[in-house]
Amino acid sequence: MLARYDLAKAAKTLSLAFGPRRNGRAAPSGAQRMDKAGSFGLTGPQDADRAALSGAQGNDQALRPLSMWRYAEVLPGDEPVTLSEGMTPILIADRLGAKLGLRALYVKDEGLNPTGSFKARGLSAAVTRARALGAKALATPTAGNAGGALAAYAAKAGIPAVIVMPAGTPHANVQECMAFGADVRKLDGLISDCGKYVAEHKEREGWFEVTTLKEPYRIEGKKTMGYELWEQFGGALPDVIIYPTGGGVGLVGMCKAFDEMQEMGWIGGARPRMVSVQAAGCAPIVRAFEAGAKASEFFENAATLASGLRVPKAIGDFIILNDIATTHGTAIAATDEEMFAAGRELARLEGIFAAPEGAATVVAAQKLAARGWIKPEESVVLFNTGTGYKYSEAWDQALK
Ligand SMILES: Cc1ncc(COP(=O)(O)O)c(C=O)c1O
């Protein structure tokens, strides 16, 4: 159901554009390649650059959009609803790395996406498909950022959006949804209650539901993070990926991308070890992983300031747990206090103002390096999934 594209056909076009090249360990120079590609975005590629690139690499990489739609062959084939999401930078985090004892530490900064989080990718793909299918109104439950992204892409597509969120959602998320003209409904409860609300109302109200993992294209958009990693690391993947997990679609999406890339012959069977980091106040995946279970239990009294991680039971928990196990990864929790302390380190040492969810990845890296689970020379990518600017109430508290 997920893949509407023809992977065999996509493989031919994409491999002309992107690979296969080498299949080695991630090299730090990979991050600089991205800087170069990024600078084309600002100035526009010069003819000489184009000729040099296409001559040297025999591909059309430099001519593709600097957004996730550069991988159009493995995305819905409709006219994209886009705000130029994706192709976020991979930043070398050497000052933080020195502190943690990691020599090849990187941050992929998803906070630079439209609406300030990686949710833009999934919603660009989902709204693209929904518009092509003639959807009249779009609805989603949200922890906050997905709602902001849906509201923005729905506005761009000219389709009304209904956003159902817990009353405790950060103010910036409510504000942006209202500015984008969405119908915002706040409920006393968690995202699971918002999910029930959408499911119960959609038939009667004529909504097209774009809930994570119920709608198949959000994951397709998010998987582009995996394609970008490969391209930005010069045709290789890092040893370890640390991802904050709520619904788990970011992590699952990347694993899907790696499977597709293997099918297309770009990579072999080796995978980055996937680390799922959750909030100590809502850690169903960590509990299940530690218990060796195949699915999670509902996490009672879930509470954390990292609103994107306040997901007491993910719909795709069994997929997340399977991906962690098959990549020889792990799951680990961070308290809110640890997240904000680590977020301050990230800001002071690297100039990155992260969402608490993104800051949680720093906590995980620190703990796993201290335990020797990550070796000093291994390449590690932390995903800062959102910008700190949208969490001003929580940051105000943390900075007091
Ligand atoms: C900033 C941020 N990070 C991480 C997540 C969790 O993402 P996923 O649901 O893909 O696990 C969310 C979800 O709302 C989020 O907003």
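For the structure itself, look to the data block above.
Since the model is a prediction, treat every value here as computed from it, not as a measurement.

Overview of the site of the ligand
Taken together, the neighbourhood of the ligand is formed by 18 residues, with Gly246, Gly247, Gly308, Thr385 and Gly386 sitting nearest. Elements that contribute at least two residues to the shell around the ligand include exactly α6 (145-157) and α11 (249-263). In the shell around the ligand, the residues fall into five nonpolar, eleven polar and two charged.

Some words on unusual backbone geometry
We note that methionine 87 has phi near 50°; this positive angle belongs to a residue other than glycine. The topology assignment puts methionine 87 in the loop between α3 (47-57) and β1 (90-92). At threonine 115, a residue that is not glycine, the phi angle is positive and equals roughly 65°. Note on placement: threonine 115 falls in the loop between β2 (104-109) and α5 (119-132).

Here we look at the packing of α11 against helix α13 (residues 317-326)
For the pair α11 and α13, interaxial distance at closest approach is 10 Å and the crossing angle is 55°. Judged by the inter-axis angle, α11 sits oblique to α13. The handedness of the crossing between α11 and α13 is left-handed. Between α11 and α13, the contacting residues are Leu251, Val252 and Cys255 on the first element and Ile319, Ile320 and Asp323 on the second. Residue classes in the contact of α11 with α13 are distributed as five nonpolar, no polar and one charged.

A short note on the packing of α5 against α6
Any two packed helices are characterised by how steeply their axes cross, that is the angle between the axes, and by the distance between the axes. Axis separation between α5 and α6 bottoms out at 9 Å; the angle between their running directions is 40°. Judged on the interaxial angle alone, α6 and α5 are oblique. The crossing of α5 and α6 is right-handed. Where α5 approaches α6, its residues Lys119, Ala120, Leu123, Ser124, Val127 and Arg131 are matched on the opposing element by Asn145, Ala146, Ala149, Leu150, Tyr153, Ala154 and Ala157. Residue composition of the contact of α5 with α6, by class: nine nonpolar, two polar and two charged.

Parameters and conventions
- Residues numbered from 1 in each chain as written.
- Predicted model: local features only at pLDDT ≥ 70, side-chain atom pairs only at ≥ 80, totals over all residues.
- Near = placed C-beta within 6 Å.
- Helix = DSSP H or I, 4+ residues; strand = E, 2+ residues; numbered from the N terminus.
- Nonpolar A, V, L, I, M, F, W, Y, C, P; charged D, E, K, R; others polar.
- Axes fitted to C-alpha atoms, helices over the stretch in contact; angles between N-to-C directions.
- Parallel < 35°, antiparallel > 145°, perpendicular 65-115°, else oblique.
- Left-handed = near helix turned anticlockwise from the far one by under 90°.
- Contact = placed C-beta atoms within 7 Å.

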